[in-house]
Amino acid sequence: MSRLFRTSRVFAWFFLTGISLAVIMASSFYLYLRPGLPSVDQLTDIQLQTPLRVYSADNRLIAEFGEKRRAPITIEQIPTIQLHAFLAAEDSRFYEHFGVDLRGLMRAAVELVTTGEIQSGGSTITMQVAKNYFLSRDRTFIRKFNEILLALQIERELPKDQILELYLNKIYLGNRAYGIGSAARVYYDKSVNELTLAQMAMLATLPKAPSAYNPIANPERATIRRNWVLGRMRDLGNITPDAYELAAAAPVTASYNAPSTEVDADYVAEMARSELFTRYGEAAYTDGYKVTLTVDSAKQQAATDALRDGLEAYDQRHGFRGPVGKIKEDDLAPDNLTRAMASYPRVEALYPAVVTEIGEAEVSLFSRHLGELSMAFETMTWARRHRTENLLGPEPQSPSDVVTIGDVVYVKRQQTAENVEVAAPDVDEGEVPVVPVQKVALAQVPDIQGALVSLEAKTGAIQALTGGYSFNQTKYNRATQARRQPGSTFKPFLYLAALERGVTPATLFNDAPIVFDDINLETTWRPQNSSGQFYGPTRLREALYRSRNLVSIRLLQDVGIDNTIDYLEQLQISTEGMPRDLSLALGSGNLTPLEVARGFAVIANGGYDVEPYLIQTIENSNDEILYEAPSVVLCDDECDALTADSPNPDLGFPAMRVAKRLADERSVYILHSMLRDVITRGTGRRALALGRDDIGGKTGTTNEQRDTWFAGFNYSIATIAWVGFDQPTPLGRAEYGATAALPVWLDYMQVAMEGEPRSFMPQPNGIVSIRIDPESGKRARPGQSDAIFELFREEDTPAAIDADDNRGGVAPGDDSNLPQSIF
């Protein structure tokens with residue numbers, strides 16, 4: 001007995017010594033590691049990495065920027081059954097343990113020994129929160145001990161529900177989805193409260209191995225894991241056996257769902273992204289900023305569609321450039337087609353397809369995006385071969401005149417009843433879904449480019465903007481970056497300068513040949529009208545609506561080049577690219593479409609300054625407004641006093657922007673009237689299709705038709721369209737502002753103006769309307785039958801007719817209304 005007693009005492013001492021040493025070691029580790037542990041208070045202040053989201057003015061999603069897709073939600077928004085699914089998979093005793101589950105650790109060890117893998121996991125949810133928020137992924141003893149200590153600390157300071165909410169918003173669930181809210185959208189395009197039991201269980205499988213159990217990449221393995229989760233839920237009493245049977249038999253319905261943008265507005269999205277990056281750096285992509293733009297979704301979509309349609313129409317007018325590639329006959333076997341077509345990208349609504357069979361009236365094709373296709377010959381009749389911008393080949397008589405077997409061409413889905421029922425899948429790789437044969441039309445990706453900008457005239461808010469055919473094809477934003485010659489679209493600024501200097505719409509200028517030996521132009525210059533003809537003495541109003549070049553040159557001589565440049569600077573139009581010679585009258589300077597639109601907005605609003613802006617508000621992840629665009633106040637007098645009062649120190653950004661008057665309102669009012677004549681009587685008559693009488697505008701075409709423009713406005717909105725090649729080359733002899741750019745403007749404005757009331761500039765004081773002789777520009781004789789009314793500033797009215805002078809017209813030797821304008 002004594003020997004047994006002594007042996008027991010030795011073992012007891014060894015046991016106590018071991019326990020003591022373990023306690024000492026644990027305490028030593030704790031004392032060593034405790035100072036380096038982060039404060040749990042940081043968890044309540046954690047900024048989850050949430051992408052930047054850009055919205056239209058009517059709250060439609062335009063774009064999302066950021067590597068991590070996340071949509072933070074509260075635990076109250078998550079269905080109880082979804083919480084049970086995650087707890088069953090990751091930590092069924094979460095509400096019972098104190099942060100470290102010894103029973104769970106033992107169960108994980110048994111699973112490892114018996115099955116070779118850990119099904120339920122040894123780390124508690126609290127330990128995973130500690131690891132995900134504070135610690136590295138290193139597999140070391142020190143890191144694991146830190147994880148345990150932090151878990152204990154978190155459990156002491158935070159309630160269980162808050163810990164679970166932090167976990168469900170942070171956990172990575174594959175396919176760039178962080179958090180359960182984002183994962184529900186990525187895999188099922190649903191909110192968390194719309195998921196089925198099978199889908200909830202599938203999401204709960206992902207924390208353990210987001211790649212291995214991914215239902216898209218590994219559906220069979222994911223199904224096995226899902227059913228295990230469902231079994232755990234049944235065993236824990238979370239679901240009934242019948243619910244388990246139904247959910248376990250459910251098919252895998254997961255698919256990848258990219259962020260569902262609601263507006264096609266890549267160019268404005270990039271402008272917003274660039275501005276946010278300038279303000280906040282890399283944090284712009286992770287801190288959950290919400291940016292609301294000034295663009296209206298309907299107008300923006302109309303602008304995108306109008307420009308694409310206009311560029312495609314120009315492209316087809318100038319013929320078919322041929323196939324974009326050729327597939328060898330050996331690769332035309334059905335099994336090889338998808339691989340053979342992999343290098344041909346989709347461009348917006350145009351799909352690459354390979355010709356597989358040619359019949360007498362139709363062509364069969366294959367597209368890796370759309371599957372088997374049929375193209376009728378009637379959709380190919382436009383495809384005369386392109387030779388030059390002015391010359392086309394013969395009209396095709398059969399499909400074989402256009403394509404051959406193996407040709408790769410672009411096609412566009414036709415809006416037929418059969419096609420509407422079959423949505424075009426956005427497939428870039430893998431097998432093509434089985435769909436009925438769809439009908440398509442021959443198309444081609446345009447070489448021509450363009451831009452459209454629409455501004456709210458009084459504030460400068462961008463209503464719509466698009467900078468090219470396809471942002472994915474080229475990121476170059478022509479609306480803001482392309483500096484091009486505006487051509488005759490520049491003339492209204494020159495005419496406004498003249499009106500302010502006393503020239504009137506009735507002033508006569510001679511439309512006659514002129515030759516300049518100008519050292520600034522380096523060569524002899526013989527400007528002409530676009531028609532090549534000359535029309536003699538012409539009233540200024542008529543010269544504008546008929547876009548007479550020679551009158552504009554003589555007008556610039558009358559006003560003076562330096563005076564005109566000074567006036568442009570007064571209007572705050574960039575003069576950096578403006579020539580200091582008479583070619584300025586024909587718009588030979590360089591301006592971006594946005595600058596031209598801004599200039600026309602100044603005209604449209606009655607002569608007030610305009611600063612175009614795109615961002616209306618910036619909010620943080622807590623919906624707090626960090627920036628809001630200031631309201632705009634139009635000001636005529638004592639504007640500096642208003643400017644001094646505009647900052648709002650409580651908001652941290654200006655509450656008001658004062659728009660000062662830049663141009664004489666009477667001169668602007670008269671110019672409105674003259675530019676409305678461009679629509680009703682001149683080069684912009686196609687705009688009459690709008691069915692409105694409040695629209696003014698101006699066409700523009702540069703030498704050799706290298707740039708085509710149309711700018712149109714009323715008192716509320718100013719919109720410009722530009723069409724041209726990125727490298728300035730002729731568009732063709734038949735292409736003008738009225739044929740290439742105006743149709744783009746018109747298609748957009750038909751949407752933008754729908755339901756909008758007429759909007760005219762109010763007539764200011766000091767304007768008079770006087771009957772004049774249309775030939776001389778002087779006051780009409782009493783009873784003159786062909787007299788017309790004209791607008792004048794009251795100090796610029798024509799001289800009264802002497803009571804004894806009933807002749808009217810221009811008396812022999814009388815050149816009082818024809819100064820240097822005629823010569």
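What counts as what
Residues numbered from 1 in each chain as written. Predicted model: local features only at pLDDT ≥ 70, side-chain atom pairs only at ≥ 80, totals over all residues. Heavy atoms only, no water. pLDDT = per-residue confidence, 0-100. Contact = heavy atoms within 4.5 Å. Phe/Tyr/Trp six-rings, centres within 6.5 Å; stacked < 30°, edge-to-face > 60°. Buried < 20%, exposed > 50% of the residue type's maximum accessible area, 1.4 Å probe, protein only. Lys NZ or Arg CZ within 6 Å of the ring centre and 35° of its normal. Helix = DSSP H or I, 4+ residues; strand = E, 2+ residues; numbered from the N terminus. Expected span 1.5 Å × (residues − 1). 1 Å grid on protein atoms, 1.4 Å probe; cavity = no way out; pocket = protein on both sides within 12 Å on 5 of 7 lines; lining within 4 Å. Points joined across faces, edges and corners; volume = space filled by probe spheres on them. Nonpolar A, V, L, I, M, F, W, Y, C, P; charged D, E, K, R; others polar.

1. Some words on the confidence of the model for the protein
- Overall, the prediction assigns the protein a mean pLDDT of 85, with 82% of residues at 70 or greater.
- In the model, residues 807–816 has pLDDT below 50 throughout and makes eight contacts with residues more than four positions away in sequence or in other chains.
- In this model, residues 818–823 is a region of pLDDT below 50 whose contacts with residues beyond four sequence positions or in other chains number 12 contacts.

2. Re the packing of aromatic side chains
- One pass over the structure, following the stated rule, counts 12 aromatic pairs.
- Aromatic pair Tyr172 and Tyr178: ring centres 4.7 Å apart, planes at 40 degrees, arrangement tilted.
- For Tyr178, a relative accessible area of 17% puts it in the buried group.
- Each member of the aromatic cluster is reached from another via a ring pair, and the members are Phe490, Phe493, Phe600 and Phe713.
- Over the aromatic face of Phe94 sits the side chain of Lys160, whose NZ or CZ is 4.5 Å from the ring centroid.
- Cation over ring: Arg548 sits above Tyr535, and NZ or CZ is 3.7 Å from the ring centre.

3. A short note on helix H12 (residues 266–280)
- Taking 1.5 Å per residue as the helical rise, H12 with its 15 residues ought to reach 21 Å, and the 21 Å between its terminal C-alpha atoms agrees with that figure.
- Considered for burial, the residues of H12 that qualify are Tyr267, Val268, Ala269, Ala272, Arg273 and Leu276.
- Just past H12, the residue Gly281 takes up positive phi, approximately 65 degrees.

4. Examining the layout of surface pockets
- As a volume, the second largest pocket reaches approximately 970 Å³.
- As for the second largest pocket, its lining consists of 39 residues, and the residues nearest its centre are Ser488, Gln528, Ser530, Asn549 and Thr701.
- Elements represented by at least two residues in the lining of the second largest pocket include exactly strand E26 (696–701) and helix H24 (737–752).
- Ranked by residues supplied to the lining of the second largest pocket, first place goes to E26 with four residues.
- Tallied by class, the residues present in the lining of the second largest pocket amount to eight nonpolar, 23 polar and eight charged.

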